[in-house]
Amino acid sequence: MQIIPAAEHNVSEIDALIARSKAHWDWDPAYLAATLPMMAVSPAYLRENLCFELRDGGTLAGFMSVKDEPGVRLLDNLWIQP
């Protein structure tokens with residue numbers, strides 16, 4: 001396993017991981033459809049925050065991000081392959 005900085009060209013792969021991870025739980029399909037777009041990351045998000053990929057070989061196994069707020073850093077995302 002390797003933790004590396006998140007790459008902008010992997011945004012769609014990261015978003016797919018977020019969707020798989022969130023869908024692992026028994027959420028109502030309408031809820032998932034409404035909330036997944038709000039959880040998606042963008043290249044700008046990756047540039048503006050501390051974002052990392054967990055890679056197992058070439059496979060994306062996790063994603064995390066930390067927001068740098070005034071005086072504190074906050075965990076904003078933590079998604080693991082179900």
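Here goes a summary of the coordinates provided. From a predicted model like this one, the values you see are computed outputs, not experimental measurements. (Residues numbered from 1 in each chain as written. Predicted model: local features only at pLDDT ≥ 70, side-chain atom pairs only at ≥ 80, totals over all residues. Heavy atoms only, no water.)

## As for the overall build of the protein
Counting its secondary structure elements, the protein contains three helices and four strands. Ordering the α and β elements of the protein from the N terminus gives β-α-α-α-β-β-β. Against the globule reference of 12 Å for 82 residues, the protein gives a C-alpha radius of gyration of 13 Å, in line with a compact fold. Projected onto its principal axes, the C-alpha coordinates of the protein cover approximately 35 × 35 × 20 Å. Residue pairs at least 24 apart in sequence account for 53% of intrachain contacts in the protein once pairs closer than 6 positions are excluded. On the protein, roughly 5,200 Å² of surface is accessible, and the fraction owed to carbon and sulfur atoms is 60%. With 6 positive and 11 negative side-chain charges, the protein shows a separation of 2 Å between the mean positions of the two kinds. (Helix = DSSP H or I, 4+ residues; strand = E, 2+ residues; numbered from the N terminus. Rg over C-alpha atoms; globule rule 2.2 N^0.38 Å. Contact = heavy atoms within 4.5 Å. Areas by Shrake-Rupley, 256 points an atom, 1.4 Å probe, with all protein chains shown as cover. Lys, Arg positive; Asp, Glu negative; His and termini not counted. Charge placed at Lys NZ, Arg CZ, Asp CG, Glu CD.)

## As for a nonpolar patch on the surface
Residues Trp-25, Trp-27 and Tyr-31 make up a contiguous nonpolar surface patch of roughly 350 Å² in combined accessible area. Checked against the element boundaries, Tyr-31 lands in helix H2 (residues 29–39). (Patch = residues over 30% accessible without salt bridge, like charges linked within 9 Å, V, L, I, M, F, W, Y side chains within 5 Å. Salt bridge = Lys/Arg side-chain N within 4 Å of Asp/Glu carboxyl O.)

## Considerations on the sheet that holds strand S2 (residues 50–56)
In spatial order, the strands read S1-S2-S3-S4; together these four strands make up an open sheet with antiparallel pairing. Each end of this open sheet is capped by a strand with a single partner; those strands are strand S1 (2–5) and strand S4 (72–80). Between one strand and the next, the sheet's axes are offset by a mean angle of 25°, whatever the strand orientation. With eight bridges joining them, strand S3 (residues 59–69) and S4 adopt antiparallel strand pairing. Bridging across to S4, Glu-69 finds its partner in Val-72. Sheet contacts for helix H1 (residues 11–23): S2, S3 and S4; angle to S3, the most-contacted strand, approximately 95°. (Pairing = 2+ DSSP bridges. Axes fitted to C-alpha atoms, helices over the stretch in contact; angles between N-to-C directions.)

## Points about the nonpolar core
Nonpolar side chains in soluble globular proteins generally cluster together in the buried interior. If you look at the biggest cluster of nonpolar residues, it comprises 13 residues, and the most contacted ones within it are Ile-14, Ile-18, Val-41, Leu-46 and Phe-63. Listed by contribution, the elements that provide at least two residues to this core are H1, helix H3 (43–48) and S3. Per-element accounting of this core gives the leading share, four residues, to H1. (Core = buried A, V, L, I, M, F, W, Y, C linked by side-chain atoms within 4.5 Å. Buried < 20%, exposed > 50% of the residue type's maximum accessible area, 1.4 Å probe, protein only.)

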